[in-house]
Amino acid sequence: MSQKVRVRFAPSPTGPLHIGGVRTALYNYLFAKKHNGTFVLRIEDTDQNRYVEGAEQYIVDSLNWCNIPFDEGPGKESSYGPYRQSERKHLYQKYAEKLVSNGKAYYAFYTSETLDHHRKDHEAKGKTFIYNWHNREKLSNSLSLSDKETKARIEAGEDFVIRFKTPHKETLLLNDRIRGSISIDTSLLDDKVLFKSDGMPTYHLANIVDDHLMEISHVIRGEEWLPSLALHQLLYDAFGWEAPEFAHLPLIMKPTGKGKLSKRDGEKMGFPVFPLSWGESVGYREAGYFPEAVVNFLALLGWNPGDEQELFSLQELVNTFSLDRVHKSGARFDPEKTKWYNHQYLQFQNDDALAESFIPLLTKELNAETAAFNSDYVRQVVSLIKERASFVHEFWELSSYFFLAPSTFNDKAAKKHWKEKTPEILSQLIPVLEAIHEFDVSVIEITCKNWIAEQGLSFGMVMPPLRLVIVGDLKGPHLFDIMALIGKEETISRLRKALATL
Ligand code: GLU
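Residues numbered from 1 in each chain as written. Predicted model: local features only at pLDDT ≥ 70, side-chain atom pairs only at ≥ 80, totals over all residues. Heavy atoms only, no water.

Draft legend 1. Quick look at the overall build of the protein. Looking only at helices and strands, the protein features 20 helices and 11 strands. Taking 23 Å as the expected radius of gyration for a compact globule of 502 residues, we find that the protein reaches 33 Å, considerably beyond that expectation. Considered along the principal axes of its C-alpha atoms, the protein spans approximately 110 × 55 × 40 Å. Here the protein holds 502 residues, and the buried ones make up 49% of them. In the structure as shown, the protein presents an accessible area of about 24200 Å², 49% of it carried by carbon and sulfur atoms. Charge separation in the protein, taken as the distance between the mean sites of 60 positive and 68 negative side-chain charges, equals 5 Å. (Helix = DSSP H or I, 4+ residues; strand = E, 2+ residues; numbered from the N terminus. Rg over C-alpha atoms; globule rule 2.2 N^0.38 Å. Buried < 20%, exposed > 50% of the residue type's maximum accessible area, 1.4 Å probe, protein only. Areas by Shrake-Rupley, 256 points an atom, 1.4 Å probe, with all protein chains shown as cover. Lys, Arg positive; Asp, Glu negative; His and termini not counted. Charge placed at Lys NZ, Arg CZ, Asp CG, Glu CD.)

Draft legend 2. Structural context of the pattern of salt bridges. Applying the stated criterion across every chain, the model contains 29 salt bridges. Put simply, K33 and D71 hold a salt bridge, and the shortest N to O gap is 3.0 Å. With a gap of 38 residues between them, K33 in helix α1 (residues 19-34) and D71 in the loop between α2 (55-65) and α3 (89-101) connect regions that are remote in the sequence. The exposure class of K33 is partly exposed, given its relative accessible area of 25%. Given the relative accessible area of 33%, D71 is considered partly exposed. (Salt bridge = Lys/Arg side-chain N within 4 Å of Asp/Glu carboxyl O.)

Draft legend 3. Local environment of the site of the ligand. With respect to spatial proximity, the complete set of residues near the ligand consists of R8, A10, P11, S12, E44, Y203, N207, R221 and W225. Side-chain polar atom of R221 to an oxygen atom of the ligand: 2.8 Å apart, as the coordinates give it. Between an oxygen atom of the ligand and a side-chain N or O atom of W225, the distance comes to 3.3 Å. Protein chains bury 84% of the 300 Å² of accessible surface belonging to the ligand in isolation. In the shell around the ligand, the residues fall into 4 nonpolar, 2 polar and 3 charged. (Near = heavy atom within 4 Å. Polar contact = N/O pair within 3.5 Å; in protein donor to acceptor, adjacent residues only side chain to side chain. Nonpolar A, V, L, I, M, F, W, Y, C, P; charged D, E, K, R; others polar.)

Draft legend 4. Representation of helix α18 (residues 459-471) within the structure. Look at α18: 17 Å from first C-alpha to last across 13 residues, which is about the 18 Å you get at 1.5 Å a residue. With 10 of 13 residues buried, α18 lies mostly within the body of the structure. Along α18, the positions that sit buried rather than exposed are V462, M463, P464, P465, L466, R467, L468, V469, I470 and V471. Those residues of α18 hidden inside the fold are in contact with α14 (395-403), α15 (411-417), α16 (422-434), α17 (441-454), α19 (479-486) and α20 (488-501). Just downstream of α18, G472 is the residue with a positive phi angle, here 90°. (Expected span 1.5 Å × (residues − 1). Contact = heavy atoms within 4.5 Å.)

Draft legend 5. Highlighting the sheet that holds strand β7 (residues 193-195). Pairing is antiparallel across the open sheet formed by 3 strands, whose spatial order is β3-β4-β7. Of all the strands in the sheet, just β3 (105-108) and β7 have a single pairing partner and so form its edges. On average, each strand axis in the sheet is inclined to that of its neighbour by 45°, with strand direction left out of account. Note that β3 and strand β4 (residues 161-164) share 4 bridges and pair antiparallel. Note on β4: the bridge partner recorded for A105 is F164. (Pairing = 2+ DSSP bridges. Axes fitted to C-alpha atoms, helices over the stretch in contact; angles between N-to-C directions.)

Draft legend 6. Main features of the packing of α16 against α20. Look at α16 against α20: their axes get within 10 Å of each other, and the N-to-C directions meet at 160°. Taken together, the axes of α16 and α20 lie roughly antiparallel to each other. Like other packed secondary-structure pairs, α16 and α20 cross with a definite hand, here left-handed. Residue-level contacts link P423, L426, S427, I430, L433 and E434 of α16 to K488, T491, I492, L495, R496 and L499 of α20. A per-class count over the contact of α16 with α20 returns 7 nonpolar, 2 polar and 3 charged. (Parallel < 35°, antiparallel > 145°, perpendicular 65-115°, else oblique. Left-handed = near helix turned anticlockwise from the far one by under 90°.)

Draft legend 7. Representation of the nonpolar core within the structure. Counting 109 residues, the largest nonpolar core has F402, F403 and L433 as its most contacted members. Not counting residues within four places of it along the chain, the set of residues in contact with F403 comprises F358, L362, L366, F373, Y377, V378, V381 and W396. Membership of the second largest hydrophobic core comes to 36 residues, among which are L189, L194, I208 and I216. (Core = buried A, V, L, I, M, F, W, Y, C linked by side-chain atoms within 4.5 Å.)

Honestly, that's just the spatial picture; any functional story needs more than this.
Right under this line is the structure:
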């Protein structure tokens, strides 16, 4: 790529960032890094009515949590700033006026409220009202009125907007990196408002002006913006500017595959749709996901690397990502797969770090009994149980018996494995275990196996009831590992206790 790559993520701060938005940011980030380019964050806050306090900070925090920070943006100024459109307000009007003066746009005196009756009237007839070539000469605007009258009305303070004069009967050829070429009959488009009566630009104008001024080379954004592409291309042409390349990313679909993934799907099925918590909605971070897992599954929602590889570090994603492998069709969101990713990334974590995250939970569960463990012990527990876990918050459930002797025993398992002879067999095992000097896994294993053989017993007669005694259930890692870790004294004490109760 000879041209300098500059891409932008341009969210509107109207609420928390949906994971679809995070994916858009991620693809921009990957594309920028792959081409030694710049990743810009631009806050599109021209619509004051939809502005939500805290949303911008949420966006920044989300990108940082995902480890995909922007290079330029609010707080990271460069010569292209400022990066909030509200701080660029003074810039846009002259561009809108420029289009009016060269005949590409016009003043329209009907503002949205006054057009309502036209809309309602059309609706009643089962039609949709479109403001464009077919009626603009009949409506109140600078095309139908004389220059003098237009000027007089503006000077009298009448509300007006600036509309784009969409060319009539042209075939427009659009190019999208993902969808290929698309042809559009411009007669079907409406004359979109570029500049509003409140003195603010609309999304379309501000977006094009800023992409141009910020020298954006590639616009990578969600499919929902595809219908705006024709207008955007026409605007570039009207200004005489070279348009960036466009790439419209496929939608993220519901787990059923039908319809766009929504916040409600997450609520109904119990999975996060936001990277971080927002109000009542739990985010991926708070649900116990690793950011690397989130980035990895998002990368593969809409893009495929061309082979079977599923696990990618961020650097590997940067190296392999390409827009050519982004699909056109929607990507079905699979909540089970996101857990699978977290499971994989949990296995990659080192045991010390996992123990550190587990200790606060453990302290809560054990209350006053915190003296019962030290961090090295916790680390060893974690190393034994982590392969069964997808989240740190599952650790307690999987490991409580390492910290507390079982107080109940699984009924079904007891019925099946606690036979008439069991108490006698297990009481005979006690002195055998007591005699072990070095109570480590291999010694325990050899001693027990030899003893079982010498006594002419079977494994099934000893091991399941022994597990029941130690764990309270038939679950858990290798039994000799558990025994070695809890130690000789605790193992024997559990045996005695169970023999007295079971
Ligand atoms: N502000 C738009 C949004 O909220 C940006 C669309 C674009 O990237 O052009 O998604």
